[in-house]
Amino acid sequence: MVEVLKSSFEDLFPIIETCIRECSFVAFDTEFTGLTADSSNTETLFDDGPARYAKKRRDVQQFIMVQIGLSAFIEIPHENRYRVHTFNFYVYPGSFGSVNVKFLCQASALEFLCRHNFDFNKFIYDGISYLNEEQEKVLCNEIEELSVATDAEWLVYSRIISSVLCVGNSHRLL
């Protein structure tokens, strides 16, 4: 397993990209700060797939993802087996301009993470920053409004943008 942090992402990205391009299939695993925020979203035996998905989606949207596991399975021809490359990404929403994410934590989820050696320092200090589409639009609008900003303000915002969007290497963290 390869641990992927903000400090190592740029170096590891070409390897990750190659593994994904060459693989037969991928598997994902995610860890969140909680799973159930509202007891009204509890599944029942009468829920069909879309209803169950909608309930889970409503619940999990109040929490944040803290870690993404990605395994790329590459078939070894004529051997009837696969070689697997696993990457473990610590992700942290960070704050950018007026984008300052608020989220819930569930005690049982944090206890689970602790029992499984989750490193909260890596999560906060070296987690890979990301924005969702709505947050990206807000930040882009703020940047457009900075057309009259001072050089110092523009330098700060341009560093934030490049750290989130990684434009120079044609990949984006969202």
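Counting restarts for each chain, with residues numbered from 1 along the sequence as it is written. Selection of residues for local features in this predicted model requires a pLDDT of at least 70, selection of side-chain atom pairs for listing and counting requires 80 or more, and totals for whole chains, interfaces and linings are taken over all residues. As a convention, hydrogens and water are excluded, and side-chain values are obtained from all of the structure's heavy atoms.

*Asks:* Could you give an account of the overall build of the chain, naming the residues involved and the relevant values?
*Replies:* When helices and strands are counted, the chain shows six helices and seven strands. Only DSSP runs of H or I covering at least 4 residues are called helices, and only runs of E covering at least 2 are called strands; the numbering of each starts at the N terminus. Along the chain, from the amino end to the carboxyl end, the secondary structure elements read β-α-β-α-β-β-β-β-α-α-β-α-α. Each residue is placed in one exposure class: buried if its accessible area under a 1.4 Å probe, protein chains only, is under 20% of its type's maximum, exposed if it is over 50%, and partly exposed if it falls in between. Within the span of the chain, comprising 174 residues, buried residues form 35% of the whole. Residue contacts follow a heavy-atom distance rule, with two residues in contact if any of their heavy atoms lie within 4.5 Å. When contacts within the chain are restricted to residue pairs at least 6 apart in sequence, long-range pairs at least 24 apart make up 71% of them. Note on areas: Shrake-Rupley, 1.4 Å probe, and residue coverage restricted to the protein chains presented here. Total accessible area computed for the chain in this model is approximately 11600 Å², and 55% of it derives from carbon and sulfur atoms.

*Asks:* Describe a nonpolar patch on the surface, and please don't skip the residues or the numbers.
*Replies:* Taken together, the side chains of I20, V26 and F28 define a hydrophobic patch exposed on the protein surface, amounting to about 280 Å² of accessible area. Topologically, I20 is positioned in helix α1 (residues 9-22). For I20, a relative accessible area of 39% gives the class partly exposed. Two joining distances apply to patches: 9 Å for like charges and 5 Å for nonpolar side chains (Val, Leu, Ile, Met, Phe, Trp, Tyr), and every residue must have over 30% relative accessible area and no salt bridge. Whenever Lys or Arg places a side-chain nitrogen within 4 Å of a carboxyl oxygen from Asp or Glu, that contact is recorded as a salt bridge.

*Asks:* Give me the nonpolar core: which residues, what numbers.
*Replies:* Residues belong to a common nonpolar core when they are buried Ala, Val, Leu, Ile, Met, Phe, Trp, Tyr or Cys residues joined through side-chain atoms within 4.5 Å. The biggest cluster of nonpolar side chains holds 22 residues, and the ones touching the most others in it are V4, I16, F87 and F89. Breaking this core down by element, the ones donating at least two residues are α1, β3 (65-76) and β4 (81-92). Per-element accounting of this core gives the leading share, five residues, to α1. Grouped together as the second largest cluster of nonpolar side chains are five residues, F96, V99, L131 and L139 included.

*Asks:* Tell me what's going on with unusual backbone geometry, and back it up with residues and numbers.
*Replies:* Its identity is not glycine, yet H78 carries a phi of approximately 65 degrees, on the positive side. On the secondary structure map, H78 appears in the loop between β3 and β4. For H78, a relative accessible area of 86% corresponds to the exposed category.

*Asks:* Go over the pattern of salt bridges, please, and point to the residues and values.
*Replies:* Within this structure, the stated rule accounts for four salt bridges. K122 is the salt-bridge partner of E3, the closest N and O atoms lying 2.8 Å from each other. With E3 in strand β1 (residues 2-4) and K122 in helix α4 (residues 120-126), this residue pair connects regions lying 119 residues apart in the sequence. E3 gets classed as partly exposed once you look at its relative accessible area, which sits at 29%.

*Asks:* I'd like a description of the packing of aromatic side chains, backed by residues and values.
*Replies:* For any pair of aromatic rings, geometry is given as the distance between the ring centres together with the angle between the planes. Each Phe, Tyr or Trp ring, with Trp reduced to its six-membered ring, pairs with another whose centre is within 6.5 Å; inter-plane angles below 30 degrees give stacked pairs, above 60 give edge-to-face pairs, and intermediate values give tilted ones. Overall, the coordinates contain seven aromatic pairs when judged by the stated rule. Ring geometry for F25 versus F73: centroids 4.6 Å apart, planes at 10 degrees, classification stacked. Of this pair, F25 sits in strand β2 (residues 25-32) while F73 sits in strand β3, placing them 48 residues apart in sequence. With centroids separated by 5.3 Å and ring planes inclined at 75 degrees, the aromatic side chains of F25 and Y82 adopt a geometry described as edge-to-face. Taken together, the residues F25 in strand β2 and Y82 in strand β4 connect sequence positions 57 residues apart. You can call F25 partly exposed: its relative accessible area is 37%. Among the residues examined, Y82 registers a relative accessible area of 41% and is labelled partly exposed. Aromatic rings pair up to connect Y90, Y92, F118, F120 and F123 into one cluster.

*Asks:* Requested: an account of helix α2 (residues 49-60), with residues and values cited.
*Replies:* Spacing of three or four residues puts side chains on the same side of an α-helix, whose turn is 3.6 residues. What a helix is expected to span follows from its residue count: subtract one and scale by 1.5 Å. Between its terminal C-alpha atoms α2 stretches 16 Å, which fits the 16 Å expected from twelve residues at 1.5 Å a residue. Here α2 starts with a cap whose side-chain oxygen sits 2.9 Å from the backbone nitrogen of A51, and that cap is D48. Within 3.5 Å is the distance limit for a polar contact, defined as a pair of N or O atoms, with the added protein rule that one can donate a hydrogen and the other accept it, and that residues adjacent in sequence qualify only through two side-chain atoms.

*Asks:* Tell me about the pairing of β4, and please be specific about residues and values.
*Replies:* Where β1 and β4 come together, three bridges link them in parallel fashion. Within β4, the position partnered with V4 by the bridge is F89. When DSSP finds two or more bridges between two strands, those strands count as paired. In the sheet, β3 pairs with β4 via ten bridges, with the strands oriented antiparallel. Paired with I68 across the strands is F89, a residue of β4. Hairpin connection between β3 and β4: a loop of four residues separates the two successive antiparallel strands, and H78 in this loop has a positive phi of roughly 65 degrees.

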